[in-house]
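The residues making up each chain are set out below.
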Amino acid sequence: MANPNSPDTPKDYSSDPDVLLMLEAQKGNTASFEALLRKYFSRIFNFAYRYLGSRESAEDIAQETFIRVHRSLASYSPQSKFQTWLYVIARNLCLNELRNNKNRAYSLDGMLETEDGEMPAQFADHNAADPANELVNKETLAKLIEVIESLPENQRTAVLLQRFDGLSYDEIAKVLGCSLQAVKSLLNRAKESLKDKLSSLPE
Amino acid sequence: MDCQQTKQRIPEWMDSALSAEEAAAVGQHLARCSECRTEFKTYAKAWNTLKAWPEAEPDPGYVSRFWTRLSLEKPWYERLLENLRPVVTDKWFAPAFVTVAMVILVGSMTLYNTSTVVKTESVISSLSADDIEFVENIELAENLDVIQNIDLLEDLDVIENLDEFNV
Ligand SMILES: [Zn+2]
């Protein structure tokens, strides 16, 4: 199968502007590091929030992800796109959190608390192409949470990265440490589950 | 491409992850098979519902919280150096700063040692019973310095532990 991002092609990651910012940060340029922080913090936060369902944990994981990145500055040498590496760190932290809090209920605390059935304004979807998608009713969100929680961890990660963070199959394979074929299979199974569980929802 | 092959490929087709030929074959099959089109629509609905999951905003101030957290993770001497950095890293000032610091350090140590030796010699030369007690008091006074230094170290520990509570 043809894939523009064949994993076997050696790459020069210096064409990735984020890698260039990292290399600048490595030389002590604080503004470059802060640019990466501002660009990615919210994405990592949302990834962790959807993954774990806890706002507090998500903030903590997003912070810790960038602490780890900063700690690695001295030894940093680009082996992938910057964002791929960032998600590897974030996913590992989420996985640890999941293992350490096996009994903690997946709650998405605060997400379901409005009374009119609409999402609070702060949850406006910046990525939604269709303005009608900007508000999701309680029932739908509760179902989404339930469905994501029910997915095996690697399917959950693959779906979140593919659907919300726009990572290519190749990047997802790198984050999960598996083959491209395995990612396809994970996503197919995840979509099958989603299809079964979400198709009953009203339009 | 038959129905089974088509249905298998619908998820990848939706992500544009198929080769051009396969994508075309799936598209052609969907155009003429209503059963597979229904399957596709069900997938698409679920996939779009997921995509409607809204973004959350992190609490504002995450940038400054990050720098605070980072600074608290460093050992105290690195934090001290960081505060001195604007002064110390000045191109011309740095060598001068180090030289002056060394001169002050060596000078004060020499003076301290000299004065201690002079004191000790004069005390020893006129030892009496009262003076022995006096000598012990000097030792006590010196121990006080040690005690104060221990307090200082403990304060530093508290500062280091702050990040466990703070973040
Ligand atoms: Zn068919």
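Structure: above.
Residues numbered from 1 in each chain as written. Chains lettered and ligands numbered in written order. Predicted model: local features only at pLDDT ≥ 70, side-chain atom pairs only at ≥ 80, totals over all residues. Heavy atoms only, no water.

Trainee: Explain the overall build of chain A residue by residue, including any values.
Mentor: Of regular secondary structure, chain A possesses eight helices and zero strands. Start at the N end of chain A and walk to the C end: the helices and strands fall as α-α-α-α-α-α-α-α. Considering chain A as a whole, with its 203 residues, one finds that 49% of them fall into the buried category. The long-range share in chain A, meaning contacts at least 24 apart out of those at least 6 apart in sequence, stands at 66%. Surface summary for chain A: the accessible area is close to 9500 Å², and the carbon and sulfur share equals 49%. (Helix = DSSP H or I, 4+ residues; strand = E, 2+ residues; numbered from the N terminus. Buried < 20%, exposed > 50% of the residue type's maximum accessible area, 1.4 Å probe, protein only. Contact = heavy atoms within 4.5 Å. Areas by Shrake-Rupley, 256 points an atom, 1.4 Å probe, with all protein chains shown as cover.)

Trainee: Give me a nonpolar patch on the surface: which residues, what numbers.
Mentor: On the surface, a cluster of nonpolar side chains totalling about 480 Å² of accessible area is made up of Val-98, Met-102, Leu-105, Val-106 and Met-109 of chain B. Here Leu-105 of chain B is to be found in helix 6 (residues 93–125). (Patch = residues over 30% accessible without salt bridge, like charges linked within 9 Å, V, L, I, M, F, W, Y side chains within 5 Å. Salt bridge = Lys/Arg side-chain N within 4 Å of Asp/Glu carboxyl O.)

Trainee: Would you mind going over the side chain of Arg-156 of chain A in detail, with residue names and values included?
Mentor: By secondary structure assignment, the location of Arg-156 of chain A is in helix 6 (residues 153–163). Side-chain polar atoms of Arg-156 of chain A contact the backbone oxygen of Tyr-51 of chain A, separated by 2.6 Å. (Polar contact = N/O pair within 3.5 Å; in protein donor to acceptor, adjacent residues only side chain to side chain.)

Trainee: Account for the interface of chain A and chain B, with residues named and values stated.
Mentor: Taken together, the contact between chain A and chain B spans 56 residues of the former and 33 residues of the latter. Interface of chain A and chain B: buried area, both sides summed, is about 4600 Å²; carbon and sulfur atoms make up 59% of it. Ionic pairing is found between Lys-184 of chain A and Glu-12 of chain B, a salt bridge with its closest N-O pair at 3.9 Å. Taken together, the links from chain A to chain B amount to 25 residue pairs in polar contact (both at pLDDT 80 or more). Counting residues per element, the ones that place at least two in the side of chain A that touches chain B are helix 2 (30–52), helix 3 (55–71), helix 5 (138–150), helix 6 and helix 8 (180–198) of chain A. When residues of the side of chain A that touches chain B are assigned to their parent elements, the largest contribution, eleven residues, is made by helix 2 of chain A. Partitioned by chemical class, the residues of the side of chain A that touches chain B number 28 nonpolar, 13 polar and 15 charged. (Buried area = accessible area lost by both parts, 1.4 Å probe. Nonpolar A, V, L, I, M, F, W, Y, C, P; charged D, E, K, R; others polar.)

Trainee: Any chance you could break down helix 3 (residues 34–51) of chain B for me, citing the residues and the numbers?
Mentor: Over its 18 residues, helix 3 of chain B extends 25 Å from the first C-alpha to the last, a length consistent with the 26 Å expected when each residue adds 1.5 Å. All buried positions along helix 3 of chain B are accounted for by Cys-36, Glu-39, Tyr-43, Ala-44, Lys-45, Ala-46, Trp-47, Thr-49 and Leu-50 of chain B. Packed against the buried residues of helix 3 of chain B are helix 5, helix 6 and helix 8 of chain A together with helix 1 (3–14) and helix 2 (20–32) of chain B. (Expected span 1.5 Å × (residues − 1).)

Trainee: Which residues make up the coordination of the zinc ion, and what are the values?
Mentor: All names here are of chain B. For the zinc ion, the full set of protein donor atoms is Cys-3 (SG), His-29 (NE2), Cys-33 (SG) and Cys-36 (SG), and the range of their distances to it is 2.1 to 2.3 Å. In this structure, the zinc ion is surrounded by four donor atoms whose angles at the metal cover 100 to 115°, and the resulting shape is tetrahedral. On the primary sequence, the residues serving as donors to the zinc ion are separated as C-x25-H-x3-C-x2-C. You can see Cys-3 sitting in helix 1 and its partner Cys-36 sitting in helix 3, a full 33 residues away along the chain. By relative accessible area, which is 0% here, Cys-36 ends up buried. (Donors = N, O, S within 2.8 Å, 3.2 Å for Na, K, Ca; no water. Tetrahedral: all angles 85-135°; square planar, octahedral: opposite > 155°, others 65-115°.)

Trainee: A description of the packing of aromatic side chains should follow, citing residues and the corresponding values.
Mentor: All names here are of chain A. Counted by the stated rule, this structure contains 13 aromatic pairs over all chains. For the ring pair Phe-47 and Tyr-51, a centre distance of 5.7 Å and an interplane angle of 55° mean the geometry is tilted. On the criterion of helical spacing, the pair formed by Phe-47 and Tyr-51 is a turn pair, its members being four residues apart in helix 2. Look at Phe-47 and you get buried, because its relative accessible area is 2%. Directly above the ring of Phe-164 sits Arg-50, whose terminal nitrogen or CZ lies 3.8 Å from the centroid. (Phe/Tyr/Trp six-rings, centres within 6.5 Å; stacked < 30°, edge-to-face > 60°. Lys NZ or Arg CZ within 6 Å of the ring centre and 35° of its normal.)

Trainee: Can you lay out the environment of Asp-60 of chain A for me, pointing to particular residues and giving the numbers?
Mentor: One can find Asp-60 of chain A in helix 3. For the pair Asp-60 of chain A and Ala-48 of chain A, spaced twelve residues apart in the sequence, the C-alpha separation amounts to 9.3 Å.

Trainee: Describe the side chain of Glu-59 of chain A, listing the residues and the values that go with them.
Mentor: Residue position: Glu-59 of chain A is located in helix 3. For Glu-59 of chain A, a relative accessible area of 10% puts it in the buried group. Engagement of the side chain of Glu-59 of chain A in a polar contact is seen with the side chain of Arg-65 of chain B, the distance being 3.4 Å. Once residues within four sequence positions are removed from consideration, Glu-59 of chain A is found in contact with Phe-41 and Phe-45 of chain A together with Pro-58, Asp-59 and Arg-65 of chain B.

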